[in-house]
Amino acid sequence: MGSIKRKLERKKSADKKKEAENKLSSRLMMFDKLPDKCLACEENFDKKSKEMVQSWQVMVKGENVRLFCPNCWQKAKDVVNEYQGGGEPNGESSERN
Ligand SMILES: [Zn+2]
């Protein structure tokens, strides 16, 4: 009694782990394609800097990966906001504090 249930639960958590691994590897693949500088101002991007990875904006369109430093991203957002009268560009960015 109970052993089958335990087995099922173990399988469930294994599936979850696999899912997480898949997500991680696709993320790493994207990182592999990541440019090493800002598309607009060509400021160098350090993939090893956690701060930069978190503050820089990555836009993925099919095979193309575009990278913007926070300054250029802000400028791009301002332009789009002016043009559209508010809203996020393409809805691809997430709000940061
Ligand atoms: Zn830039």
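Bear in mind that the values here come from a model prediction, so they are computed numbers and not experimental data.

Considering the overall build of the chain
Okay, so step 1: Check the secondary structure of the chain and you find three helices and two strands.
Okay, so step 2: Listing the helices and strands of the chain from first to last along the sequence gives α-α-β-β-α.
Okay, so step 3: For the chain, the proportion of contacts with a sequence separation of at least 24, taken over those separated by at least 6, is 44%.

Quick look at the pairing of strand β1 (residues 57-61)
Regular strands place their side chains on alternate faces of the sheet.
Okay, so step 1: Direction of pairing for β1 relative to strand β2 (residues 64-68): antiparallel, over a ladder of five bridges. Considered in β2, the bridge of Met59 is made with Arg66.
Okay, so step 2: What sits between β1 and β2 in their antiparallel hairpin is a turn of two residues, with Gly62 showing a positive phi close to 60°.

Let's talk about the nonpolar core
Okay, so step 1: Within the largest apolar cluster, six residues are counted, these being Cys38, Trp56, Leu67, Phe68, Cys69 and Trp73.
Okay, so step 2: For Trp73, the contacting residues outside a window of four places in its chain are Gln57 and Phe68.

Section: the confidence of the model for the chain
Okay, so step 1: When pLDDT is averaged along the chain, the result is 79, and 73% of the positions lie at 70 or above.
Okay, so step 2: Averaged over each element, pLDDT in the chain is lowest for helix α1 (residues 3-33) (70) and highest for helix α2 (residues 50-55) (93).

Some thoughts on unusual backbone geometry
Okay, so step 1: Phi at Glu42 takes a positive value of approximately 65°, unusual for a residue other than glycine.
Okay, so step 2: Inspection of the secondary structure puts Glu42 in the loop between α1 and α2.

Conventions and cut-offs
- Here the residue numbers are simple positions, counted from 1 along each chain's written sequence.
- With the structure being a predicted model, the display of local features is reserved for residues of pLDDT at least 70 and the display and counting of side-chain atom pairs for 80 or more, all residues being used for whole-chain, interface and lining totals.
- Secondary structure elements are defined from DSSP: runs of H or I of at least 4 residues count as helices, runs of E of at least 2 residues count as strands, and each element is numbered from the N terminus.
- C-beta atoms are placed from the backbone for every residue, and two residues are taken to be in contact when these atoms lie within 7 Å.
- In this description, strands pair whenever DSSP reports at least two bridges between them.
- Joined through C-beta atoms within 7 Å, a set of buried Ala, Val, Leu, Ile, Met, Phe, Trp, Tyr and Cys residues constitutes a nonpolar core.
- Counting other C-beta atoms within 10 Å of a residue's own tells you its class, since 20 or more makes it buried, 12 or fewer makes it exposed, and anything in between is partly exposed; those C-beta atoms are placed from the backbone.
- In predicted models, pLDDT denotes the confidence assigned by the predictor to each residue on a 0 to 100 scale.

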